[in-house]
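This is what each chain is made of:
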Amino acid sequence: MTIQWFPGHMTRARRQIQDKLKLIDVVIELIDARLPISSRNPMIDEILQGKPRMILLNKADLADPEVTEEWIKYFKEEGHTTLAIDANTGTGVKDIPATAKLLFKDKIDRQIAKGINPRPIRALIVGIPNVGKSTLINRMAGRNIAATGDKPGVTKAQQWIKVANREIELLDTPGILWPKFEDQNVGYRLAVTGAIKEEILNIEDIAFFAIKYLVQFYWPAMKERYGLEEPPKDIDNPDEIVAIMEAIGRKRGAIISGGRVDLEKASSILLRELRAGKLGRFSLEAPY
Ligand code: G4P
């Protein structure tokens, strides 16, 4: 799914989230573990207006585990409650309710001390498109509730889903946020993971960006998969990156007339294999 985020869409999305904030106690902010900053809305603090929040690094199954650990440390240092999860298989998801309750421990303890039965904590999942919001809602609910690929602006009746022994109530429609496109590298990182469609950016440029990054940080995986010999001597020399793209194309038989490599096809193959995990787990951003 691709959404062109014009200012009107942003304003509407923001208003929709702020309407929902009135109903809830805690925000579950979902970001992509492979690119936690690029998959984050730059105005999130302002939008959430101080609501208690936890940050979930989703798709942790695809991310480099060592880098994910660093991100957890980073967000904790920033004062955030943070968990790494995989909404697809459910890894880490069972810890979400207890973590949400911890954010309210004082309030819950006070209520119990007064003899009041604490009411369920109401939670809202927010995040940019494709980060896994619907997958997580369905996973927490234990059944298919949210349609994956929900579009902003499409309204339907909101419902509460009772989870974790009825101690948490989750809003069934997530809050959809927009990514920050002003920095071109953010767009490229999102495109490498498939979070934004290739039509927005040129596929060869996306693959170029990916190769430049991968040869620096994941050279053994690149070398092995594509039978490469030497890493580029000068990472800033575009010819050396294109030479690797050509080597990938030759390895996969992406040849056009005259024996030249079909760079578009080579790009498409690399990105498909990367997203399918054929080059192993990778992260596109590190905090330190
Ligand atoms: P959204 O509501 O935030 O827009 O995202 P959604 O749940 O629709 O998830 C987007 C894609 O990400 C889905 O793939 C989903 O299966 C995948 N996904 C969600 N969470 C995880 C996770 O923790 N790990 C992995 N590996 N994948 C996850 P899809 O339906 O195949 O869509 P697409 O890949 O064709 O975009």
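For every chain, the first residue of its written sequence is number 1, and the numbers climb from 1 along that sequence. Reporting in this predicted model follows two pLDDT cut-offs: at least 70 for local features of residues, and 80 or more for side-chain atom pairs to be given and counted; totals over whole chains, interfaces and linings ignore these cut-offs and use all residues. Only heavy atoms go into the side-chain values, all of them from the structure, while hydrogens and water stay out.

Labelled according to an unreviewed UniProt entry, the chain appears under the name Ribosome biogenesis GTPase A, originating from Paenibacillus polygoni. UniProt positions are given in the numbering used here, feature names are shortened, and annotations may be inferred rather than shown by experiment. Under the heading Sequence similarities (unreviewed entry), UniProt records this for the chain: "Belongs to the TRAFAC class YlqF/YawG GTPase family. MTG1 subfamily."

Of all residues adjacent to the ligand, which total 17 residues, the nearest are Asp 61, Asn 130, Lys 133, Ser 134 and Thr 135. Between N or O atoms, a polar contact is any pair within 3.5 Å; within protein, one atom must be a potential hydrogen donor and the other a potential acceptor, and residues adjacent in sequence are included only when both atoms are from side chains. Here an oxygen atom of the ligand and a side-chain polar atom of Lys 59 are 3.0 Å apart. If one sorts the elements of the shell around the ligand by residue count, helix H6 (residues 133-141) sits on top with 3 residues. Partitioning the shell around the ligand into residue classes produces 5 nonpolar, 8 polar and 4 charged. Consider each residue's heavy atoms; a residue with any of them within 4 Å of a molecule or strand counts as near. The helix count covers DSSP runs of H or I at least four residues long, the strand count covers runs of E at least two residues long, and both are numbered beginning at the N terminus. For this classification, the nonpolar set comprises Ala, Val, Leu, Ile, Met, Phe, Trp, Tyr, Cys and Pro, the charged set comprises Asp, Glu, Lys and Arg, and every other residue, Gly included, is treated as polar.

What follows deals with the nonpolar core. Across soluble globular proteins, nonpolar side chains show a tendency to be buried alongside one another. Within this scheme, the nonpolar core is defined by two criteria: the residues are buried Ala, Val, Leu, Ile, Met, Phe, Trp, Tyr or Cys, and they are joined through side-chain atoms within 4.5 Å. Exposure categories follow from relative accessible area, calculated using a 1.4 Å probe and restricted to protein chains: below 20% of the type maximum is buried, above 50% is exposed, and the middle band is partly exposed. Counting residues in hydrophobic clusters, the biggest one holds 87 residues, and the most contacted among them are Ile 96, Leu 136 and Met 222. Among the elements that take part in this core, helix H8 (residues 203-217) stands out by supplying 9 residues, more than any other. It only takes one pair of heavy atoms within 4.5 Å for two residues to be counted as in contact. Apart from the residues lying within four places of it in its own chain, the contact partners of Met 222 are Ile 211, Leu 214, Val 215, Gly 227, Leu 228, Ile 244, Ile 248, Leu 270 and Leu 279.

What you see with strand S5 (residues 160-163) is a clean split: Ile 161 and Val 163 sit on the buried side and Trp 160 and Lys 162 on the side with no burial. Bridge analysis of S5 against strand S6 (residues 168-171) gives 4 bridges, and the strand direction is antiparallel. Within S6, the position partnered with Ile 161 by the bridge is Leu 170. At least two bridges found by DSSP between two strands are what make those strands a pair.

Here, a salt bridge means any side-chain nitrogen of Lys or Arg that lies within 4 Å of a carboxyl oxygen of Asp or Glu. Following the criterion strictly, the structure yields 16 salt bridges and no others. In this structure, Arg 40 and Glu 29 form a salt bridge, with 2.9 Å as the shortest nitrogen-oxygen distance. Here the residue Arg 40 occupies a position in the loop between strand S1 (26-32) and helix H2 (44-48), and Glu 29 occupies one in strand S1, the gap between them amounting to 11 residues. Exposure remark for Arg 40: the relative accessible area of 15% places this residue in the buried category. Relative accessible area serves as the criterion here: at 1%, Glu 29 is assigned to the buried category.

Relative to the helices and strands, Ile 241 is located in helix H10 (residues 238-251). For Ile 241, a relative accessible area of 0% translates into the label buried. Ile 241 sits 186 residues away from Ile 55 along the chain, and the two C-alpha atoms are 35 Å apart. Discounting residues that sit within four places of it in the chain, Ile 241 has contacts with Phe 208, Ile 211, Lys 212, Pro 232 and Ile 235.

Under this scheme, a helix contributes an axis fitted over its contacting stretch, all axes are lines through C-alpha atoms, and angles between N-to-C directions fall in the 0 to 180 degree range. For the pair H8 and H10, interaxial distance at closest approach is 10 Å and the crossing angle is 100 degrees. In terms of their interaxial angle, H8 and H10 are classed as roughly perpendicular. Contact with H8, carried on its side by Glu 204, Ala 207, Phe 208, Ile 211, Lys 212 and Val 215, involves Pro 238, Ile 241, Val 242, Ile 244, Met 245 and Ile 248 of H10 and no other residues of that element. Its residues placed into classes, the contact of H8 with H10 shows 10 nonpolar, no polar and 2 charged. Here roughly perpendicular refers to angles of 65 to 115 degrees, roughly parallel to angles under 35, roughly antiparallel to angles over 145, and oblique to all remaining angles.

The backbone of Asn 130 sits at a positive phi, close to 75 degrees, despite the residue not being glycine. Unusually for a residue other than glycine, Ala 164 sits at a positive phi of about 50 degrees. Counting through the fold element by element, Ala 164 comes out in the loop between S5 and S6. What makes Ala 164 partly exposed here is its relative accessible area of 29%.

This brings us to the packing of aromatic side chains. Note on aromatic contacts: the rings of Phe and Tyr and the six-membered ring of Trp form a pair at centre separations within 6.5 Å, being stacked when their planes are under 30 degrees apart, edge-to-face when over 60 apart, and tilted otherwise. For the coordinates displayed, the defined rule picks out 7 aromatic pairs. Centroid distance Tyr 74 to Phe 75: 5.1 Å. Interplanar angle 80 degrees. Geometry classified as edge-to-face. By relative accessible area, which is 22% here, Tyr 74 ends up partly exposed. Where Tyr 213 meets Phe 217, the ring centres are 4.6 Å apart and the plane angle is 35 degrees; that geometry is what we call tilted. Here Tyr 213 pairs with Phe 217, and both are found in helix H8, just 4 residues apart, close to one helical turn. Following the ring pairs from residue to residue traces out a cluster consisting of Trp 71, Tyr 74, Phe 75 and Tyr 288. Each ring is checked for a lysine NZ or an arginine CZ that lies within 6 Å of its centre and within 35 degrees of its normal; such an atom marks a charge sitting over the ring. Lying over the aromatic face of Trp 160, Arg 122 brings its terminal NZ or CZ to 4.1 Å of the ring centre.

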